Amino acid sequence: MSIQVTNLSKYYGETRAVDDISFEVHSGEILGFLGPNGAGKTTTMRMITCYLAPTAGAVKVEGRNIQYDSLGVRQMVGYLPEQNPLYLDMNVSEYLDYSAQLQGLESRMVPRRRREMIDVCGLGEMMHKDLGQLSKGYRQRVGLAAAMIHDPRVLILDEPTSGLDPNQIVEIRSLIHNLGLEKTVVLSTHILPEVQATCDRVIIINRGKIAADAPIADLQRGLRGGDKITLELLAPDSETPQSISVILKNVPAVDSVTFTGETDRSKKFSIGTSRSQDIRGDIFRLCVEKGWVAVDLHREQTSLEDIFRELTMQA
Amino acid sequence: MSLTNVKHIFLKELRSFFNSPVAYIVIVVFLVILGWFFTSNLFIANVSSLRTLFEMTPFLLLFFAPAITMRLISEEKKSGTLELLITRPVRESEIIFGKFLAAWALYFFTLLPTLIYFVTVSMIGKLDIGVVLGGYAGLFFMGAVFLSVSVFGSSITENQVVAFIVSFLIVFALFMLDKVLFYMGGLGGVVVSVFQYLSIDYHFSNIERGVVDTRDIVYYVSAVTIALSAGTTVLQRRRWV
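Below you will find a few notes about this structure. No experiment lies behind these values; they were computed from the predicted model shown.

### Section: the packing of helix 7 (residues 129-155) of chain B against helix 11 (residues 214-237) of chain B
Residues and elements named next belong to chain B. Contact geometry of helix 7 with helix 11 gives a least axis separation of 8 Å together with a crossing angle of 15°. When the axes of helix 7 and helix 11 are compared, the pair comes out roughly parallel. The way helix 7 lies across helix 11 gives a crossing that is left-handed. Of the residues in helix 11, those in contact with F141, A144, V145, S148, V149, V151, F152 and S155 of helix 7 are Y220, A223, V224, A227, L228, A230, G231, V234 and L235. Residue composition of the contact of helix 7 with helix 11, grouped by class: 14 nonpolar, three polar and no charged.

Take a look at the structure:
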C-alpha cells in the first residue's frame, strides 16, 4: 500500500474542510482526485505532503506516518502545489539544482538528475532562461521536473494542467501517464475528461466527504440502475406522442418514457430502463410491428459529467 | 538541524541578493550616507578614530535591517513557494537560520568597504586597534540582533510593507530603550536595570569601548536565539491550527 489515509479530518475553526475520509492508493496506481472547488482536495493533499497537520486521523505514506516521520515522508514524496509557485528570479538549472539539494541528493548526483529531468520534461532549450520569462506550459514542466528530481515513489500533483492550452494539456497528461507506470500518482482536478484520460481510479470528493471511490469503468457502468435509450422514429400523424409513449411503456423493463421533441416528421423519446440488460432489440421489434420507422436507436453511456453532477449537487 | 540544508538555503538567498539590485542598492546607499557623515566629521573633530562609523551604523541599520530582510519570508508566503520549501525534507529552523545567515552575510559585505576608513585614518594618525576591533565586533553582534528580529518580522506576514514596519518598530524599541531610561528614574533601580539590559545600545556602548563582557555576549546570543526561534515557531504554527 503506497498511501493509506484513515479517518482523516481537518477543521479550519468551525469549517470542516475534510470530514472523516479514508482511502488507500496502491503502488503504481494513478488516482484522480475529483471534486468541485472547495471540496477539500487541496487540503487533503497538503496533509499527505506534511504541509498541514490533520485535526484527526492518520496518513501513512509507504508505511511512514506523516506526523511521526514527517521528514521521512517528505523525502519520498514529490509535490506540485496548486498554481505551481516558483522562484521567478532563478533560471531552470539553478532551480532544479536547488530542489535536488533540498531533497538531500548527494552533490555528485545533482547534475546528473538535473540533466535527466531536463530531458524527460523537454526543457533543453530553456535551461538557462529565468523562470519568470517562461510560458505557463514550460513553467508547469519545470514544476513537474522539480517535483520528480529526487525520483520520489509518490507524486502528488494539485491541478497539474490548470491554465494550460490544449496541446500542453495533452503533453502533460502523457507525461503523467508514463510516470504512472512506475510511481504512485495522485492528481487532483475538476476537469472530468482529464480523469478519464489519465487515471486508473477516481475518488470524487464533495464537501469534505468521499462521494464515490471506484475504478473509472465501474463508475460509469454501475452508478445508475439502468441505461438510458434514445429513440427517434417516423410515425404517421395519427399517432400522438402520448399514444406512442403508452405503447412503449408496455415493453418489459421500461421504467419511464419521456417525449423529448419533434422535428418535421420524426419524434424523439428518451427511455429509462430498470435493468442494465439491453432491450434495444425489443424496442426495434415493437417499431416494426407498429409500422414505425426507427431512424435512431442508441444506448447512452452515462458520462462522468452526469455522475459528477449527480454526486456533487445533492443536498 | 542539518547544516547542509542551512548551507543550501543560505547560498540560494545570498545569490538572489546579488542577482537582484537589492545587494547593490543596499551597499551603495549605505556607503554614501556613511561616507558623507564620516568625512565631514573627521576633520572637524580632528581626532583619528572611527567613532562616526560606529555611531552612525546603528542608526542606518534601523532602516537597513528591515529593508534587507523584509522579503525573505513574506515574499515566499505570498508567492506560495513557502509551501514548496516546507514540503521538502527541510526543517523550519533550517529555513529561518539559512535566511538569517544570508542577510548577515550581506551586512558583512556592506561593512567590508568601510575598512578603507581604517586604512586612510591610520595613515594620518594613530588608531587605537582595540577600540576598532571592539567597534566592528559590536557592529556585527548588533547587526545579528537587528537582522534576526527583522527575519521574524518577515515571517509573520505576507506583506512586505507590514514586515518592514513591524521589524522597524521592534528594532527601534530595542534601540531606544536605553535612551528613554532617563525618564524612568522614578520606576526604581530594578526596572531601570532590566530595561537597560534589554537595550541593545547599552551593550553596544560597552563593546564599542573595547570591553568584551560575557554579559554582553550572552545578551546578543540570546536575543538572536529568541528572535530566530520565534520565526521558526511562526512557520511551524500552520501545523497546529
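### A short note on the pairing of strand 8 (residues 184-189) of chain A
Residues and elements named next belong to chain A. With respect to burial, strand 8 is a largely interior element, six of its six residues being buried. Across the two faces of strand 8 the burial is the same, with T184, V186 and S188 and V185, L187 and T189 all buried. Of the strand pairs in this sheet, strand 3 (residues 30-34) and strand 8 are connected by five bridges, and their pairing is parallel. Bridging across to strand 8, G32 finds its partner in L187. Where strand 7 (residues 154-158) meets strand 8, five bridges bridge the pair, whose relative direction is parallel. Looking at strand 8, one finds that V154 is bridged to T184. Taking the sense of rotation as the criterion, the β-α-β connection linking strand 7, helix 6 (residues 166-179) and strand 8 turns out right-handed.

### Some words on the sheet that holds strand 10 (residues 209-215) of chain A
Residues and elements named next belong to chain A. Reading across from one edge, 6-7-8-3-9-10 is the order of the six strands in this open sheet, with mixed pairing throughout. Only two strands of the sheet have a single partner each, and these edge strands are strand 6 (77-80) and strand 10. For this sheet, the mean inter-axis angle between neighbouring strands, taken without regard to orientation, is 15°. Where strand 3 and strand 9 (residues 201-206) come together, four bridges link them in parallel fashion. Opposite L34, over in strand 9, you have I204 as the bridge partner. Packing of helix 1 (residues 41-48) onto the sheet brings it into contact with strand 3, strand 7, strand 8 and strand 9, and relative to strand 7 it is tilted by some 150°.

About the criteria used
- Numbering of residues starts from 1 in every chain and runs along the sequence as written.
- Here every chain gets a letter starting at A, and every ligand a number starting at 1, in the order they are written.
- Reporting in this predicted model follows two pLDDT cut-offs: at least 70 for local features of residues, and 80 or more for side-chain atom pairs to be given and counted; totals over whole chains, interfaces and linings ignore these cut-offs and use all residues.
- Comment: axis = line fitted to C-alpha atoms, over the contacting stretch for helices; angle = value between 0 and 180 degrees taken between N-to-C directions.
- Under the scheme used here, helices are H or I runs from DSSP no shorter than 4 residues and strands are E runs no shorter than 2 residues, and both carry numbers assigned from the N terminus.
- Our angle categories are set so that under 35 degrees counts as roughly parallel, over 145 as roughly antiparallel, 65 to 115 as roughly perpendicular, and the remainder as oblique.
- Handedness of a crossing follows from how the near helix is turned relative to the far one, being left-handed for an anticlockwise turn of less than a right angle and right-handed for a clockwise one.
- Two residues form a contact once the distance between their C-beta atoms, set from the backbone, is within 7 Å.
- Note that Gly is not counted as nonpolar here; it falls among the polar residues with everything else outside the nonpolar set of Ala, Val, Leu, Ile, Met, Phe, Trp, Tyr, Cys and Pro and the charged set of Asp, Glu, Lys and Arg.
- Here a residue counts as buried when 20 or more other C-beta atoms sit within 10 Å of its C-beta, as exposed when there are 12 or fewer, and as partly exposed otherwise, the C-beta atoms being derived from the backbone.
- Pairing between two strands requires that DSSP report at least two bridges joining them.
- Orient the strands so they point away from the viewer; a crossover is then right-handed if the path from the first strand over the helix to the second runs clockwise.

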